[in-house]
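# An overview of the molecular structure
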Amino acid sequence: MDNHQNYQDSKELYKKEYLLKDGQKLIVRIPEPGDAESLISQMQTVDSETKFLSREPDEFNLTVEQEREFIKNCTNDENVRFLIGELDGKIIASCSVGLIQIKRRYLHRAGMGIAVLKDYWNKGIGIIMMQECINWCKEKGVEQLELEVVTENNRAISMYKSLGFEIYGTKKHALKYDDGTYADEYIMTLFLNNIKPM
Ligand SMILES: CC(C)(COP(=O)(O)OP(=O)(O)OC[C@H]1O[C@@H](n2cnc3c(N)ncnc32)[C@H](O)[C@@H]1OP(=O)(O)O)[C@@H](O)C(=O)NCCC(=O)NCCS
């Protein structure tokens, strides 16, 4: 059996609907290989809209076929959840959450990333996608959800704080931009079992 059949046979894909505060219907779902082209376009747009993600705008260079494979691999990987947000059939958000390492000493920790297209900020979509990641962590028995965020990314930091994330450290010069300037990142963690380090 090849990968494609494996993928098709094994999954009932997760999908959920939300009503946004402006009345629009947001669909949050696991992407399918047929979403590859739209996902590439969403990634390239967010990369060009913000300095707060890990890539320079021209650095997302997967082909459609590679993106299809990536989607299939994520879907088949029980240690990862990759989700997209869709409004009127357009992919406007994506997030992924996954275990940090598949070793017993790390199975209590997950990491995540999120991006919403700028035109759709401030509608509550970020919080919904975050909550989806947190729910996945709870289902998997993850104890702490960790992320890194540029210290100037006030919008993201207030979103994370509103969900209970706290800052536990700073990585100096975590990013270096093409123009030679640097950005620092906060390490933020949400302790899902309320056992916080002293
Ligand atoms: C960060 C990001 C995901 C937020 O998405 P969003 O859909 O705008 O978020 P929401 O509308 O759900 O707002 C969530 C919270 O953000 C905060 N927020 C929203 N607008 C804000 C603003 N203008 N200033 C400060 N905080 C703001 C609030 O806490 C808000 O909660 P509230 O509406 O209950 O007050 C989005 O801005 C984004 O994709 N940015 C670019 C990529 C990025 O920075 N990703 C994170 C990398 S670590």
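Conventions and cut-offs
Throughout this document, residue positions are counted from 1 along each chain, in the order its sequence is written. In view of the model being predicted, local features appear only for residues whose pLDDT reaches at least 70, and side-chain atom pairs are presented and counted only at 80 or more, with totals across whole chains, interfaces and linings using the full set of residues. The side-chain values count all of the structure's non-hydrogen atoms but skip hydrogen atoms and water molecules. By convention in these notes, a salt bridge is any Lys or Arg side-chain nitrogen within 4 Å of a carboxyl oxygen on Asp or Glu. UniProt positions are given in the numbering used here, feature names are shortened, and annotations may be inferred rather than shown by experiment. Runs of H or I in DSSP of at least four residues are treated as helices and runs of E of at least two as strands, each being numbered from the N terminus. Residue count minus one, scaled by 1.5 Å, sets the expected span of a helix. Burial classification: accessible surface area is computed with a 1.4 Å probe over protein chains only, and a residue below 20% of its type maximum counts as buried, one above 50% as exposed, and the rest as partly exposed. Note: the arc covers the axis-to-C-beta directions of the helix. Contacts were defined at the residue level, with two residues in contact if any of their heavy atoms lie within 4.5 Å. Nearness here has a simple test: a residue counts as near a molecule or strand if at least one of its heavy atoms is within 4 Å of that partner. Counting of polar contacts relies on pairs of N or O atoms within 3.5 Å, with two restrictions inside protein: one atom must be capable of donating a hydrogen and the other of accepting it, and residues adjacent in sequence are counted only when both atoms are side-chain atoms. A 1.4 Å probe and the Shrake-Rupley method give the accessible areas. Residues count as covered only by the protein chains that appear here. The nonpolar class holds Ala, Val, Leu, Ile, Met, Phe, Trp, Tyr, Cys and Pro. Asp, Glu, Lys and Arg form the charged class, and all remaining residues, Gly among them, are polar.

Here the focus is the pattern of salt bridges. Where charged atoms from two side chains of opposite charge approach closely, those side chains can pair. In this structure the tally under the stated criterion is 11 salt bridges. Notably, a salt bridge pairs Lys 25 with Glu 17, separated by 3.7 Å at the nearest N-O pair. Through salt bridges that share partners, Arg 29, Asp 35 and Glu 86 make up one connected network.

Next up on the list: the UniProt feature "domain: N-acetyltransferase" (unreviewed entry) in the protein chain. With numbering matched to this structure, UniProt assigns "domain: N-acetyltransferase" (unreviewed entry) to residues 26–193. Helix makes up 31% of residues 26–193 and strand 35%. Its end C-alpha atoms lie 29 Å apart.

Moving on, we get to helix α2 (residues 36–49). Here α2 is 14 residues long and its end C-alpha atoms lie 20 Å apart, about the 20 Å a rise of 1.5 Å per residue gives. Those residues of α2 that sit buried are Ala 36, Leu 39, Ile 40, Gln 42, Met 43, Val 46 and Asp 47. All buried residues of α2 lie within an arc of 160° about the axis, which places them on one face of the element. For α2, the exposed residues lying more than 90 degrees away from the buried face are Glu 37 and Ser 48. Taken together, the buried residues of α2 touch α3 (64–76), β3 (80–87), β4 (90–99) and β5 (109–116).

In the vicinity of the ligand, 22 residues are found, and the nearest of them are Val 116, Asn 122, Asn 153, Arg 155 and Ser 158. Within the contact set of the ligand, an oxygen atom lies 2.7 Å away from a backbone nitrogen or oxygen of Val 116. Between a nitrogen atom of the ligand and a side-chain N or O atom of Ser 158, the distance comes to 2.8 Å. Expressed as a share of its isolated accessible area of 950 Å², the protein-covered part of the ligand is 76%. Put simply, the parts of the chain that give the shell around the ligand at least two residues each are β5, α4 (125–140), β6 (144–150) and α5 (154–162). Tallied by class, residues from the shell around the ligand come to 12 nonpolar, 6 polar and 4 charged.

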